Amino acid sequence: MRFDVLTLFPDMMRAVLEESILGRAAEKGILEFSYTNIRDYAQNKHKKVDDYAYGGGTGLVMAPQPIVSAHESIPKRGRSLTVYLSPQGKVLSQQLAKELAAYDQLILLCGHYEGVDERAIEEVVDLEVSIGDYVLTGGEIPAMALIDCVARMVDGVLPNSDAYSNDSHYNGLLEYPQYTRPPEFRGKAVPEILLSGHHANIQKWQRKQSLYRTWKKRPDMLRRADLEEADKAYLALYKGKKRNRGGFLDG
Ligand code: ADE
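Notes on the structure follow. (Residues numbered from 1 in each chain as written. Predicted model: local features only at pLDDT ≥ 70, side-chain atom pairs only at ≥ 80, totals over all residues. Heavy atoms only, no water.)

**Some words on the sheet that holds strand 7 (residues 127–130)**
Thinking step 1. The strand order across the open sheet built from 5 strands is 2-1-6-5-7, with neighbouring strands paired in parallel fashion. This sheet does not close on itself; its edge strands, each paired only once, are strand 2 (32–37) and strand 7. Strand after strand, the sheet turns through a mean of 30° between neighbouring axes, direction not considered.
Thinking step 2. In this sheet, strand 6 (residues 105–110) lies alongside strand 1 (residues 2–7) in parallel orientation, the contact comprising 5 bridges. Its bridge partner lying in strand 6, Asp4 is registered against Ile107. (Pairing = 2+ DSSP bridges. Helix = DSSP H or I, 4+ residues; strand = E, 2+ residues; numbered from the N terminus. Axes fitted to C-alpha atoms, helices over the stretch in contact; angles between N-to-C directions.)

**With respect to the site of the ligand**
Thinking step 1. By nearness alone, every residue bordering the ligand is listed as Leu85, Ser86, Pro87, Val129, Ser130, Ile131, Gly132, Tyr134, Val135, Leu136, Gly138 and Pro142.
Thinking step 2. Between the ligand and Ser86, the relevant distance is 3.1 Å, taken from a nitrogen atom to a main-chain nitrogen or oxygen of the residue.
Thinking step 3. Within the backbone of Ile131, a nitrogen or oxygen atom sits 3.0 Å from a nitrogen atom of the ligand.
Thinking step 4. A molecule is said to occupy a pocket when more than half its atoms come within 2 Å of that pocket's grid points, and by this definition the ligand occupies the second largest pocket.
Thinking step 5. Going through the elements one at a time, strand 5 (80–91) and strand 7 are the ones with two or more residues in the shell around the ligand.
Thinking step 6. Broken down by element, the shell around the ligand gets its largest block of residues, 3 residues, from strand 5. (Near = heavy atom within 4 Å. Polar contact = N/O pair within 3.5 Å; in protein donor to acceptor, adjacent residues only side chain to side chain. 1 Å grid on protein atoms, 1.4 Å probe; cavity = no way out; pocket = protein on both sides within 12 Å on 5 of 7 lines; lining within 4 Å. Sits in = over half its atoms within 2 Å of the grid points.)

**Regarding a negative patch on the surface**
Thinking step 1. A surface patch of negative charge is lined by Glu72, Glu118, Glu122 and Glu123.
Thinking step 2. If one sorts the elements of the negative patch by residue count, helix 5 (residues 118–124) sits on top with 3 residues.
Thinking step 3. On the secondary structure map, Glu123 appears in helix 5.
Thinking step 4. For Glu123, a relative accessible area of 56% corresponds to the exposed category. (Patch = residues over 30% accessible without salt bridge, like charges linked within 9 Å, V, L, I, M, F, W, Y side chains within 5 Å. Areas by Shrake-Rupley, 256 points an atom, 1.4 Å probe, with all protein chains shown as cover. Salt bridge = Lys/Arg side-chain N within 4 Å of Asp/Glu carboxyl O. Lys, Arg positive; Asp, Glu negative; His and termini not counted. Charge placed at Lys NZ, Arg CZ, Asp CG, Glu CD. Buried < 20%, exposed > 50% of the residue type's maximum accessible area, 1.4 Å probe, protein only.)

See the structure below:
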């Protein structure tokens, strides 16, 4: 999968995307990253990329020409989608990331200053995406978040799909708690069931932990989750047990 980033700060992107898991996937040729500096495409003497806003206002607006020319310079590959990172976009979720991972190429437009001239958006953008209801100074950090979340679901980036299919949010629930060695740390033991080697019971325990955590931390998710009959029965049991305390997480 190829990611093309249209940005005024290519070094900022490079520093993050060429490290760790994504960096290794790029070395193996599973992912491809390319950075296009919008300023290189400004057709004016001073390579100016922004200008005053018509109608007044304090901030500068990114001009359409450098953006559209930079976008035109990018070679298009297979199923390609151009995404503009903006606080006005569709909020990024695991589901949206999964859909984006099905493309061959994502072209990510990072805005700066007060925004981007609307005509550039109309000209090149297929989808606006926000990483949450708050405002950052530019689209680079949101683009990094989006790329990281999408790229880890591309085949071959993680060791196997189990590595992400148990993640929080992947199946509409939060993930169960994880433990590693030592078996006891500061008087706290790893739950005994995890040392039992009984796979089916461990899975049941993990499912219950997932349900319990989601119920405790994100009850809004539970209302939307695709629950099996056993899950519903278990939650109903919990609501009963809550009154006489304890027992919920046993067995
Ligand atoms: N640019 C500025 N704030 C943003 C946000 N929350 N999401 C995506 N892009 C942004």
